[in-house]
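Read off the chains here:
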Amino acid sequence: MGRTLVQLFIDGLSMGLVYVLMSSGFNLVIAVPNIIFIAFGEFYMLGAFVVWYVQVPAGLSYFIAVPAAVIITAILGGLSYLLVFRPLQFRRNQFLTNIIAGVGLMLILGQAALMMFGTEARGVPSLVSKVCEVLGVRISLEKVVVILLSVVVLAALHFVLRRTRTGRAMRAVSFRPDVAALQGVNADRMFLVAMILGCALAGFAGAVMAPIFGVDLGMAENGFLVMLVVMLGGIGSMPGAILGGLVFGMTLSYGQYFIGSGESQILFFAVILAILLFKPGGILGKNIEEIGHV
Amino acid sequence: MEGRQISRREFLKIAGAAGAALGLGIGFGGLATGCEAAETTTSAGQTTTTATVATTASTAGSTTSVSAAPAPLKIGMILDYSFPLHVAWQHQMDALIPALNANGGLKIGGTPYQVEVIMYDGKRNAEASRSAVQRLMTEDKVNFILGDESTDYWQPLTEAANQLVISVSPSPEILKPPNKMTFQSGYLNLQPAAAWGYFSENNPDVKKIAAAHPDNLQGNAEAAKTKGLAEVWGQEVVKEILYPAGTTDFSAIATAIVDSGADVFTTCAGGTVSDAQLYKALHQAGWKGKLCAYIAWSVGAGSAVVPPENFEGITSPIQATELPTGPTAVAKELIDVYTAKFGKWDYPSTLHVNNWYLLKAALETAGTIDPQKVADVIHGGLEFESAYGKAKMVPRPDLGNNLVCDALWAIVVGKVENGRYVVLKEMTFDEAYNYNKKALKW
C-alpha cells in the first residue's frame, strides 16, 4: 500500500502542478485587470495545438515548439485585451459585459480552432517516454519533466511579481489602479502585461501537457476546472493558486484510486463547497468584494 | 478604480462593443457550422463547393446533388455536426457521393440514379432530430433515411410513414417489434460477442477482467455488456471503472487496474483519445496482463495519439481499411476518394458510413427504389461489404424480433505486434453467428 500511496502522490503532483500554472495565469488576469476570463481554457488548448503543429507537421524540435506556444498565446492574449477588453476596462460596472465579451472570445477561438485543426485528436511525440522504477514506484520521466518545468516557471513568476519593477507595478495596480497611477504607474499597460503573462502561462501549461495527454479541442473545457481551482485556493491569491492546484491534483489522484473516478470529482466539488461556506473568498483569498491582490 | 455615472450614450456604446464581441463569436460559430455543412454541387463530373452560412445549427444542412439528373435518389441523413464520429461519417459521405455521381451514379435495376444527400444536424437530441426527420419526410421527401444514435427519438414517425431507415445505433429498442422498416448496420451490437468469444476461447487462462468505460449512456451499456460476456465465458470482472467523460489523466485509474490483479484489460466507448490515453497510462503503470478490445481498435488513429508501444499486444477486430495485407477493394475506394477530397487518410472511424453501404447493396440487389421491396431484400438476409468489412443481416431473437434487422460481421481478429496488426483469425458468418448464439442465447 505504501508504494501505491507514493505512486498516487507523484501522479497527483504532476497533474496538480499543471493546474497551478493555469490557476496562476488565471489569477493574474482576474487580479490585475479584474477580468473573469471565460476564454482562458482556449489558450490552454491553443498552446497544445501550437506544440503539435510545430512538432508534427512542421517537424521542428519540442524546444522550439514550447517557446512558440508561449509566444503565440501571449500575443493572442495581448490582442484579446487590446481588441476586446480594453474598450470596456476603464468604465464602471462592466462585470457582466466583461463576461459576455469573454464568452464571445471563447466562441471565436473555439470555432477558429475547429476550422483550423478539425475535430480529430492528435498525439505529440514525447520528449522522454521512459519510465523508471524506484522501490516499486513507477515514475514516468515525462511527468518528472512537467514537475520540474512547472516549478521553474512558478519560481520565475514569483520572481517577476516580487522582485521586478513591472511585477511591483502590477501588484500596485491590483490594489488600487488610481493610486498606482498617481505614483506614475500606467495601469493600462499593466493590464496588458497581466493578460499577456496570464495567457502565456495557459499556453505553457498546454504545451507541457500536449505530449502527455495528446491534443484535442476538448482541452478547452479545463478552463472551467481552473476557475474551480482558483475559487478553492482563493481568487487573486498566488499561494492560493498553488494550494488549490495541488489539492485538486491530489483529490483526483487519490479519489480515483480509492473511491472511483466520478466520485473523486464530486468529492472535489464538495470540498470547494464546504470551504466556500466558511471562507467565501477561498482558502487563502479575500472576499469577492476585495478581489485584486496578487 | 473610482467609478462615475454612466450616460445613456456610453451605455449604448459599451453594450454595442460587448454585443459585437458576442455576436462575432456566434457568427463565427455559425460560419464554421455552415462551412462544415458546405453545399456541394456535382454536375457531370464538375464539382463546385460553396459555403453556406447557417442561421441556426438545427436547420443547417448540406446538400450533395446533381442538378442535371432528372430524378435524383434523395437520401436524408441525421447526424450531430459536433460529434467527431459523425463528422467522420459526414466527410466520408462528402467524398463518396460526388465520386459516385461523377462515375454515372448508382445503378439500380439498370437505371443510373444520381444521388442527392440531404444532411441535418439532429444534435443527438429528441427535439432537433425529430424536427429534422419531419423535414426530411415532408419537405425534402427523401426516399430513404440514414440515421444515428438519435433514432429512438424519431423512429415512431418513420415507422408510421413506412419510411425505410438504416441506422447505426446500439440501442436495442429500435430493433424490437413491431418495427419493420428500421435496420441497424453498425458493428456495436453483434461484434463484441464474436471478438470476445474468440479471445476467450483462445486464452482459457484469462479469468479476471478489468474494464474501464466512460460514465455515460454508451459506457454504462458497454460495462453491462462486458459483465454479460464475462459470465458467458466463466470470467469475472474484478475491477470496473466508469470514468467521467473528458478525463485526461488516467494515471490513478491505471494504478488501480494494475493493483486489481486482472488477467486482461478492456475498454471502449471512450473514443480514440481516451482509449489511447488509458493504454498509455496502463503501460506506464507497469501492466503485465493482456489487452483486448472487442470493438475494432485502429492502430493508425491510436498511433496518432500515443506511440504504438502503449497498445502492443492488443487483440482486436481489424477494420478492412487497416488489414496488414492491405485494404479491401471497397475500403481502398473510400480511402482514395477521401484522400482526394481531404488531402490525407487520417484513419477516421468507418462505423456510421456502414449505413450507406447497406442501403447501396440493398438498392442494387432490389433493382428498385420501392422502399418495401428494398426492405424485403434486407429481410431476406442480405450480405453487404463496407469499408469496415463484410456483414450479413440477421434477426435478433433475443429482442423478440425474428425479422432480419441487425448486422452480423465476419470479423478479422488481429493482434498488434511491433506496432502492426497480424491476423489471428478470419471469421466466417457462421462462426460469428455461433459466438453470438452462445452469448445472446439465440
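Residues numbered from 1 in each chain as written. Chains lettered and ligands numbered in written order. Predicted model: local features only at pLDDT ≥ 70, side-chain atom pairs only at ≥ 80, totals over all residues. Heavy atoms only, no water.

Here we look at the side chain of Ser253(A)
Here Ser253(A) shows up in helix 10 (residues 238-258). Apart from the residues within four sequence positions on either side, Ser253(A) is in contact with Leu8(A), Asp11(A), Gly12(A) and Ala252(B). (Helix = DSSP H or I, 4+ residues; strand = E, 2+ residues; numbered from the N terminus. Contact = heavy atoms within 4.5 Å.)

Quick look at the pairing of strand 20 (residues 420-426) of chain B
Residues and elements named next belong to chain B. Bridge count between strand 19 (residues 412-417) and strand 20: six bridges; the pairing is antiparallel. Considered in strand 20, the bridge of Gly-414 is made with Val-423. Two successive antiparallel strands, strand 19 and strand 20, enclose a turn made up of two residues, where Asn-418 displays a positive phi of approximately 55°. (Pairing = 2+ DSSP bridges.)

Focus on the confidence of the model for chain A
Across chain A, pLDDT averages 87, with 97% of residues at or above 70. Confidence scores differ between elements of chain A, with helix 7 (residues 177-182) of chain A showing the lowest mean pLDDT of 84 and helix 2 (residues 40-55) of chain A the highest of 94. (pLDDT = per-residue confidence, 0-100.)

Quick look at the pattern of salt bridges
Residues and elements named next belong to chain A. Applying the stated criterion across every chain yields a total of 19 salt bridges over all chains. As a salt-bridge pair, Arg-86 and Asp-188 come within 2.6 Å of each other at their nearest N and O atoms. Of this pair, Arg-86 sits in helix 3 (residues 62-89) while Asp-188 sits in helix 8 (residues 187-213), and the two are 102 residues apart along the sequence. Look at Arg-86 and you get partly exposed, because its relative accessible area is 38%. (Salt bridge = Lys/Arg side-chain N within 4 Å of Asp/Glu carboxyl O. Buried < 20%, exposed > 50% of the residue type's maximum accessible area, 1.4 Å probe, protein only.)

A few points about the sheet that holds strand 16 (residues 383-385) of chain B
In a beta sheet, neighbouring strands are held together by backbone hydrogen bonds and run either parallel or antiparallel to one another. Residues and elements named next belong to chain B. Pairing in this open sheet of three strands is antiparallel, and the strands run 16-17-18 from one edge to the other. On the outer flanks of this sheet lie strand 16 and strand 18 (401-409), each paired with one strand and no other. Across the sheet, the mean angle separating the axes of adjacent strands is 30° when strand polarity is ignored. Note that strand 17 (residues 390-396) and strand 18 share six bridges and pair antiparallel. Bridge assignment links Pro-395 to a residue of strand 18, and that residue is Val-404. (Axes fitted to C-alpha atoms, helices over the stretch in contact; angles between N-to-C directions.)

A word on unusual backbone geometry
The omega torsion across Pro177(B) and Pro178(B) is 10°, close enough to zero to call that bond cis. Residue position: Pro178(B) is located in the loop between strand 9 (165-167) and strand 10 (182-184). Its identity as a non-glycine residue notwithstanding, Leu135(A) has a phi of 50°, on the positive side. On the secondary structure map, Leu135(A) appears in the loop between strand 1 (131-134) and strand 2 (137-140). The residue Asn162(B) is not glycine, and still its phi comes out positive at about 55°. Here Asn162(B) lies in the loop between helix 4 (151-160) and strand 9. On the basis of relative accessibility, which here comes to 42%, the residue Asn162(B) falls in the partly exposed class.

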